[in-house]
Amino acid sequence: MTSPNNPFRASLGSSPPLLVGRDEVIEDFALALEEGPGAHERVSLLVGARGVGKTVLLNEMEDTAAQKGWLTFSETATEGFVESLKQQLTEFLDGERSNAKRSVQVGPGFFRYKRESQAPDQTRGSLRALLGQALDSIADHERFNGRAPGILITIDELHYVHQDEITEFATTIQHLVRENREIAVVLAGIPTSIRPLLASQDGKNPITFLRRANRIDLGTIPAAEVRDGLEVPVTLAGKEWDERALQYAVQASGGYPFMIQLIGNFSWRFADGHVISLEATQAGVSKARKKLGQLVHEPALSDLSSEDRRFLAAMSLDDGPAKVTDVAKRLGVSDQQAYNYRARLHEADIVTIDRGTADFILPFLREHLRDHVVADVLRIEPAHPPELG
């Protein structure tokens, strides 16, 4: 069977052996770090569906900053993330080992802090004060030459439920930006978790900082770059694709970054010998779709009401965009109810809408629903009886 040195990373958030389709984002960010305070890309917001590569891109942007000598701090926007960030800053300023497990990566001219667990240590001062002290410290540090590098903070899984902490964080960064400090911030989240943070509230949005950020909407990858993402790692690992197998893999990925890694991973596993055959790739694609369902589709569906899941199940019976009126007939509800379901699913970034139709955003969700959900979900009675037509 296959050799153990599988070059693909088939888990959410893991950096792939070759990052494709994001070169322009990385280049713009690198230039912003060089240009100095005020560069728009120094405050960036990554927005995209699950599995589209937000965390991977965060990792790459951290690496880009680190290579330029920047100090990087990484957090996930769970409850208490501001306090955790303050703790990291305190540890850096104290220069002492804390009781919390900490990963410190040291390289040419940079440190990177990533908190793996929290500790009860007390922090001293506000977030703004601690960041100011840290920026002063690295600016004065003798190991830096010329214009001092700065601090990059990355925040993953941004979510409106933590709005108070996000507001505190954003206000702090906004003050530092106004002071022309060497600070950069990259935040990431799915559209439904971020949208309420960007919406106006009674004419006043307390997080205008995010509305002015460099927004990067992450979508699918072009076929030519998908091919590179599949072919180059295999070649470097000492194998090759059968040409028909590679074409099949590229098409089956749908340009979806996580699917590229899943297909590559499982096709490699099923390969018998030096060449990844079409048969091995077909088996790999089948396995990849199941894994995508477990890791992406099922969590997305679990957040929806029974009525919305029924609407999606009825939609999946069409091979392309579904007419809302057809879906309404399948469900036995009025057209207006069906349009209400469509509106909610569009707001949740599950479907796209066009004149009288709806289509899936998440790749292979249609197939997942057909294989695992349709037979059961279409029998679920809605919470409210359907209106009489």
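Before any of the text, the structure's been laid out above.
None of the values given here were measured: they were computed from a predicted structure.

### Thoughts on the environment of S15
Examined against the element boundaries, S15 turns out to sit in the segment before α1 (23-35). Sequence spacing of S15 and Q261 is 246 residues, and the spatial spacing of their C-alpha atoms is 9.7 Å. Leave out the neighbours within four places in its chain, and S15 touches R9, V56 and N59.

### With respect to the pairing of strand β7 (residues 214-217)
On β7, burial follows the alternation: N214 and I216 on one face are buried, whereas R215 and D217 on the facing-out side are not. Examined bridge by bridge, strand β1 (residues 43-47) and β7 share 4 bridges and lie parallel to one another. Residue V47 lies in a different strand from β7, and its bridge partner there is D217.

### A word on the pattern of salt bridges
Summed over the entire model, instances satisfying the criterion amount to 14 salt bridges. Note that R42 and E182 form a salt bridge whose closest N and O atoms lie 2.8 Å from each other. A residue pair is termed long-range when its members are at least 10 positions apart, and R42 in the loop between α1 and β1 and E182 in the loop between α5 (163-178) and β6 (183-189) qualify at 140 residues. Both residues of the pair, R42 and E182, count as buried. A salt bridge links K86 to E83; the nearest nitrogen and oxygen atoms lie 3.5 Å apart. With K86 and E83 both in helix α3 (residues 81-94) and 3 residues apart, the pair spans about one turn of that helix. With a relative accessible area of 12%, K86 lands in the buried category. Several salt bridges share partner residues, and in doing so they unite R227, E231 and E243 into one network.

### Focus on the environment of R269
Along the chain, the position of R269 falls in helix α10 (residues 257-270). By relative accessible area, which is 45% here, R269 ends up partly exposed. Along the chain, R269 and G284 lie 15 residues apart, while their C-alpha atoms are 7.8 Å from each other.

### Overview of unusual backbone geometry
Its identity is not glycine, yet N180 carries a phi of approximately 60°, on the positive side. One can find N180 in the loop between α5 and β6. Looking at N180, the relative accessible area reads 52%, which means it is exposed. Phi angles above zero are rare outside glycine, and F364 is one such case at about 65°. Tracing the chain through its elements places F364 in the loop between β12 (357-360) and α15 (365-372). Take F364: its relative accessible area is 14%, and that puts it in the buried class.

### Quick word on the side chain of T64
With respect to the secondary-structure elements, T64 resides in helix α2 (residues 54-67). If near-sequence neighbours (up to four positions away) are discounted, T64 is found in contact with I26, F29 and A30.

### Concerning the layout of surface pockets
A volume near 330 Å³ is recorded for the second largest pocket. The residue inventory of the lining of the second largest pocket, partitioned by class, reads 9 nonpolar, 4 polar and 5 charged.

### Focus: the packing of helix α11 (residues 278-302) against α15
Each packed pair of helices is defined by two parameters, the angle between the axes and the distance between the axes. Contact geometry of α11 with α15 gives a least axis separation of 11 Å together with a crossing angle of 85°. As far as their axial angle goes, α15 and α11 are roughly perpendicular. Contacts from G293, H297, E298 and L301 in α11 reach L365, H368 and L369 in α15.

### So, α15
Buried within α15 we find L365, R366, H368 and L369. Taken around the axis of α15, the buried residues stretch over an arc of 165°, which confines them to a single face.

Thresholds applied
Residues numbered from 1 in each chain as written. Predicted model: local features only at pLDDT ≥ 70, side-chain atom pairs only at ≥ 80, totals over all residues. Heavy atoms only, no water. Helix = DSSP H or I, 4+ residues; strand = E, 2+ residues; numbered from the N terminus. Contact = heavy atoms within 4.5 Å. Buried < 20%, exposed > 50% of the residue type's maximum accessible area, 1.4 Å probe, protein only. Pairing = 2+ DSSP bridges. Salt bridge = Lys/Arg side-chain N within 4 Å of Asp/Glu carboxyl O. 1 Å grid on protein atoms, 1.4 Å probe; cavity = no way out; pocket = protein on both sides within 12 Å on 5 of 7 lines; lining within 4 Å. Points joined across faces, edges and corners; volume = space filled by probe spheres on them. Nonpolar A, V, L, I, M, F, W, Y, C, P; charged D, E, K, R; others polar. Axes fitted to C-alpha atoms, helices over the stretch in contact; angles between N-to-C directions. Parallel < 35°, antiparallel > 145°, perpendicular 65-115°, else oblique. Arc of directions from axis to C-beta.

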